[in-house]
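# Results of the structural survey
Below are the chains, spelled out letter by letter.
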Amino acid sequence: MRISIIGSGYVGTTIAACFADMGHEVVNVDVDAEIVNTINSGRSPIHEPGLDELLENHSGEALTATTDYDAVLDTEVTFLALPTPAREDGSIDTSIIEAAAETLGETLQAKDGDHVVTTKSTVIPTTTSETLAPILEAASGKTLGEDLHVAMNPEFLREGTAVDDFLDPDKIVLGTDSDAARKTLHDVFEPLIAETGAPVVDTGIEEAEMIKYANNGFLAAKVSLINDIGNICKEYGVDAYEVADAIGLDDRISARFLRSGLGWGGSCFPKDTAAIRAAAREQGYEPLMLDAATEINDRQPARLLSLLDRHVDVADERVAVLGLSFKPGTDDIRNSRAIPVIEGLQARGATVVAYDPVAADNMRKQFPEIEYVDSPEAALDSASAALVVTDWPEITALDAEFDAMSTPVVVDGRRAIDRRDGIVYEGLTW
Ligand code: UGA
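Residues numbered from 1 in each chain as written. Predicted model: local features only at pLDDT ≥ 70, side-chain atom pairs only at ≥ 80, totals over all residues. Heavy atoms only, no water.

### Focus on the pairing of strand β7 (residues 172–176)
Both faces of the sheet carry side chains from a regular strand, because those side chains alternate between them. β7 sits mainly inside the fold: 5 of its 5 residues count as buried. Here strand β6 (residues 148–152) runs beside β7; their pairing, made up of 2 bridges, is antiparallel. Within β7, the residue paired with A151 across the bridge is T176. By the bridge criterion, 4 bridges tie β7 to strand β8 (residues 200–203) in an arrangement that is parallel. Its bridge partner lying in β8, L174 is registered against D202. Taken together, β7, helix α7 (residues 179–196) and β8 constitute a β-α-β crossover, and its handedness is right-handed. (Buried < 20%, exposed > 50% of the residue type's maximum accessible area, 1.4 Å probe, protein only. Helix = DSSP H or I, 4+ residues; strand = E, 2+ residues; numbered from the N terminus. Pairing = 2+ DSSP bridges. Right-handed = clockwise from strand over helix to strand, strands pointing away.)

Given below as structure tokens:
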């Protein structure tokens, strides 16, 4: 099939490369000429394992990138994979996706026959049918349900495993009220369904939009719930990881996303929980559970720092921060728990020495005043305390390196380090 994707961000580029790998002819449209050139030269504009190989294999053949919207005219279906940034109050700003829908609609004036437009971006229920569809219809001169069809197909890719998540999905959610769009989307995903047997959820547009928020909201709340329970465990000297291992055996609970500690960051859980909470309030509903999930998450860094305070006054002392990215496998520091941890250390007058295998350059933009080192050993050397923020493999492997600290106080936010004689160890929830 011939597919166009508007937007070459983390989602757009990943799905473009994966659709090409599934045997489709794909064109990826983006306003940024530099990103377009990067993709066309077979390289990935983002750090995502497996993406470079896919682009190297398919760029210039099954996959091309362009800044020219006219490329959509040769395709049957367009996916909108554009950013929906957060406003101050947490609600999403749809101006970028609306502008793209306008340009796409104007372009489609020149197309004879049907076209399917599918929202890939995470949007609040009704955005596709009540905001985007009227823009597309007016700009294209086409008629919704006749020669123009809209759909919503949320993505469940995780940063760091996006390619694997796409090629081996838990589910494929297809939301539309149009039989033509449903058939087109089934054709798009057919190779993947045939190969993986992934279940297809055929549903309505608003349901598909909500499934994405429900998925992220549920997982974020699950982590916050195990953090809530973990905080109680800590008060009793109970190991929250032993508790989680046991309850995870109950298949109504399941073992995944039960790692208690510093909590969630990144661009998705914080943004999506904030957006759906703001949307709920706008509808007159108080989303108490999601509010509490956010509140618990916001408090975990302060709990980590209060454990540190029990053992050492860090004013004018060197303190190592181990890990800066919001999770291992990415250089993304958006909403990383490292940020409030560093702020808390600065408020205590500590000299912060930070280590991360890939995220230091990003964090330097936010905290230019702290010291960044190239190895965990360099961070630990002569430090009075170490705070574990991200469980990168090179951090979980640390052991003898703690002996070079001036006082070996290790406060672990990710259950990365083993307790042993010779270090003063505090786990956040164990
Ligand atoms: C998340 C979802 O997992 C994806 O399904 C979704 O597609 C994506 O958001 C999105 O909306 O684009 P991502 O933000 O990449 O993916 O990261 P996750 O692997 O889900 O981790 C989120 C945060 O939760 C991390 O900070 C991680 O450290 C934390 N976490 C996760 C825990 O604290 N404990 C756990 O047990 C699991």
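### Observations regarding the sheet that holds β7
Strand order in the open sheet formed by 8 strands is β3-β2-β1-β4-β5-β6-β7-β8, with mixed pairing between adjacent strands. With partners counted over all chains shown, the strands left at the sheet margins are β3 (63–66) and β8, one partner each. For this sheet, the mean inter-axis angle between neighbouring strands, taken without regard to orientation, is 25°. Strands in contact with helix α5 (residues 127–140) are β4 (77–80), β5 (115–119) and β6; relative to β6, the strand with the most contacts, it is inclined by about 155°. (Axes fitted to C-alpha atoms, helices over the stretch in contact; angles between N-to-C directions. Contact = heavy atoms within 4.5 Å.)

### Focus: the pattern of salt bridges
Side chains that carry opposite charge are capable of pairing whenever their charged atoms lie near each other. This model, assessed by the stated rule, comprises 22 salt bridges. Notably, a salt bridge pairs R334 with D332, separated by 2.8 Å at the nearest N-O pair. For D332, a relative accessible area of 8% translates into the label buried. Because the salt bridges share partners, they merge into one network encompassing R277, R281, E286 and D291. (Salt bridge = Lys/Arg side-chain N within 4 Å of Asp/Glu carboxyl O.)

### Things to note about the site of the ligand
Taken together, 20 residues form the shell around the ligand, and within it L157, E159, K212, N216 and C268 come nearest. Take L157: an N or O atom from its main chain is 2.7 Å from an oxygen atom of the ligand. In this structure, an oxygen atom belonging to the ligand sits 2.8 Å away from a side-chain N or O atom of N216. Judged by the proximity of its atoms to the pocket grid, the ligand belongs to the largest pocket. Only α8 (205–236) and α10 (269–282) provide two or more residues apiece to the shell around the ligand. Among the elements that take part in the shell around the ligand, α8 stands out by supplying 3 residues, more than any other. (Near = heavy atom within 4 Å. Polar contact = N/O pair within 3.5 Å; in protein donor to acceptor, adjacent residues only side chain to side chain. 1 Å grid on protein atoms, 1.4 Å probe; cavity = no way out; pocket = protein on both sides within 12 Å on 5 of 7 lines; lining within 4 Å. Sits in = over half its atoms within 2 Å of the grid points.)

### Quick word on the domain arrangement of the protein
Taken domain by domain, the protein holds domain 1 (2–202), domain 2 (213–299) and domain 3 (300–427). Here the C-alpha centroids of domain 1 and domain 2 sit 30 Å apart. Taken together, the contacts link 14 residues of domain 1 with 11 residues of domain 2. Across the interface of domain 1 and domain 2, roughly 950 Å² is buried in total on both sides, 59% from carbon and sulfur atoms. (Domains from an automatic or database assignment. Buried area = accessible area lost by both parts, 1.4 Å probe.)

### A closer look at the state of the cysteines
Taken as a whole and judged by the stated rule, the model has 0 disulfides. Of all cysteine sulfurs in the structure, the one in C268 sits closest to C18, which takes part in no disulfide; the separation is 16 Å. (Disulfide = S-S within 2.5 Å.)

### Describing the environment of A139
Along the polypeptide, A139 turns up in helix α5. Each C-alpha atom, one on A139 and one on G105, is 4.6 Å from the other, the two residues being 34 residues apart in sequence. Apart from residues no more than four positions distant in its own chain, A139 is found in contact with E102, G105, E106 and Q109.

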